[in-house]
Amino acid sequence: MHIDILSVLPELLESPLNHSIMKRAQSKGHLTVAVHPLRKWAVNAYGQIDDYQFGGGAGMVMMCEPLVKAIEELQQEGPYDAIIYMTPDGERLEQKTANRLSLKERLLIICGHYKGIDQRVRDHFVTHEISIGDYVLSGGELAAAVLVDAIGRLLPGVLGDETSALTDSFQDGLLAPPVYTRPADFRGWKVPDILLSGDPKKVDEWRHDQAVKRTEERRPDLLD
Ligand code: ADE
């Protein structure tokens, strides 16, 4: 998969995309990510990419021209399967969104700033609008990093144990069950006997029961 990201603050994306599993995804060749500074397509030598909003009101709006020039230039490398705008008024990011997007080949992510991007870019280019939750960040970069991480770890071959993404919370509509590691007894706090039983069927049943219990307690909305 290839992901292009358009940003006015590309530095914000460097660290999250170049460590741990995202680093591995890229070094193994499963994922390429290119962050493009939007000011490259600024309307003047001052690097202007935003302007006052029509109708008045506080806050700047990201202009059509830099965004459209950038999108059209990047599209020459090949068409996008999705052009995603990160925005708090978008559709809430869920595991199923990440699952669906992980099946695509080429994505473009636009990070908003200030009051957001001119509506005409949304109307004519953007195919998906995604929010990472009901709160407002200073810009779309951290939200884009969350999205790339959620998608990137699902690409085949990225996680060491191929099955581990399948047992994540939400993949089967349930929260994940509790997990334990050695020692089996720490300060008298014991690991549940069943996990030491060596009976994989019983362990699976226990994990499923625990996942249901945890979901009922913490996120009953997921069971509706
Ligand atoms: N940009 C600012 N806030 C955001 C959010 N909650 N989700 C996605 N993009 C954003």
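Residues numbered from 1 in each chain as written. Predicted model: local features only at pLDDT ≥ 70, side-chain atom pairs only at ≥ 80, totals over all residues.

1. Description of unusual backbone geometry
Working note: non-glycine residues mostly have negative phi, and peptide bonds are mostly trans.
Part 1 of the reasoning: Residue P183 is reached from R182 by a cis peptide bond, and omega for that bond is 0°.
Part 2 of the reasoning: Looking at the element boundaries, P183 is found in the loop between helix 6 (141-152) and strand 8 (185-186).
Part 3 of the reasoning: One non-glycine residue, S20, adopts positive backbone phi at about 50°.
Part 4 of the reasoning: Checked against the element boundaries, S20 lands in helix 2 (residues 20-27).
Part 5 of the reasoning: On the basis of neighbour counts, which here come to 11 C-beta atoms within 10 Å, the residue S20 falls in the exposed class.
Part 6 of the reasoning: Of note in this structure, R187 is not a glycine but carries a positive phi near 55°.
Part 7 of the reasoning: Structurally, the position occupied by R187 is in the loop between strand 8 and strand 9 (189-190). (Helix = DSSP H or I, 4+ residues; strand = E, 2+ residues; numbered from the N terminus. Buried ≥ 20, exposed ≤ 12 C-beta atoms within 10 Å, placed from the backbone.)

2. A few points about the site of the ligand
Part 1 of the reasoning: Around the ligand sit M86, T87, P88, G112, S131, I132, G133, Y135, V136, L137, G140 and A143, and that is every residue in its neighbourhood.
Part 2 of the reasoning: Per-element tally for the shell around the ligand: the top contributor is strand 5 (residues 82-92), with 3 residues.
Part 3 of the reasoning: Residues belonging to the shell around the ligand are distributed by class as follows: 7 nonpolar, 5 polar and no charged. (Near = placed C-beta within 6 Å. Nonpolar A, V, L, I, M, F, W, Y, C, P; charged D, E, K, R; others polar.)

3. Looking at the packing of helix 2 against helix 6
Part 1 of the reasoning: The N-to-C vectors of helix 2 and helix 6 enclose an angle of 60°; their axes lie 10 Å apart at closest approach. Relative to helix 6, the element helix 2 is oriented oblique. For helix 2 against helix 6, the interelement crossing comes out left-handed. In this structure, helix 2 uses I21, M22 and A25 to contact helix 6, whose residues at the interface are V148, D149 and G152.
Part 2 of the reasoning: When its residues are assigned to classes, the contact of helix 2 with helix 6 shows 4 nonpolar, 1 polar and 1 charged. (Axes fitted to C-alpha atoms, helices over the stretch in contact; angles between N-to-C directions. Parallel < 35°, antiparallel > 145°, perpendicular 65-115°, else oblique. Left-handed = near helix turned anticlockwise from the far one by under 90°. Contact = placed C-beta atoms within 7 Å.)

4. Looking at the environment of R24
Part 1 of the reasoning: Locating R24 in the fold gives a position in helix 2.
Part 2 of the reasoning: Along the sequence, R24 and G152 sit 128 residues apart, while their C-alpha atoms lie 9.8 Å from each other.

5. A word on the nonpolar core
Part 1 of the reasoning: Judged by nonpolar contacts, the single largest core of 44 residues is most densely connected at I5, I84, M86, I109, I110, A144 and V148.
Part 2 of the reasoning: Among the elements that take part in this core, helix 6 stands out by supplying 6 residues, more than any other.
Part 3 of the reasoning: When sequence neighbours within four positions are dropped, the list of residues in contact with I84 reads L107, L108, I109, I110, H128 and I130. (Core = buried A, V, L, I, M, F, W, Y, C linked by C-beta atoms within 7 Å.)

6. A closer look at the UniProt feature "binding site: S-adenosyl-L-methionine" (unreviewed entry) in the protein
Part 1 of the reasoning: Summarizing the sequence annotation, UniProt attributes the feature "binding site: S-adenosyl-L-methionine" (unreviewed entry) to G112, I132, G133, D134, Y135, V136 and L137 in the numbering used throughout.
Part 2 of the reasoning: Among the structural elements, G112 can be located in the loop between strand 6 (106-111) and helix 5 (119-124).
Part 3 of the reasoning: Contact partners of G112, with chain neighbours within four places excluded, come to M62, Y85, M86, T87, I117, G139 and G140.
Part 4 of the reasoning: Tracing the sequence through the fold places G133 in the loop between strand 7 (128-131) and helix 6.
Part 5 of the reasoning: Residue class for G133 comes out exposed when judged on the 11 C-beta atoms lying within 10 Å of it. (UniProt positions renumbered as here; feature names shortened; annotations may be inferred.)

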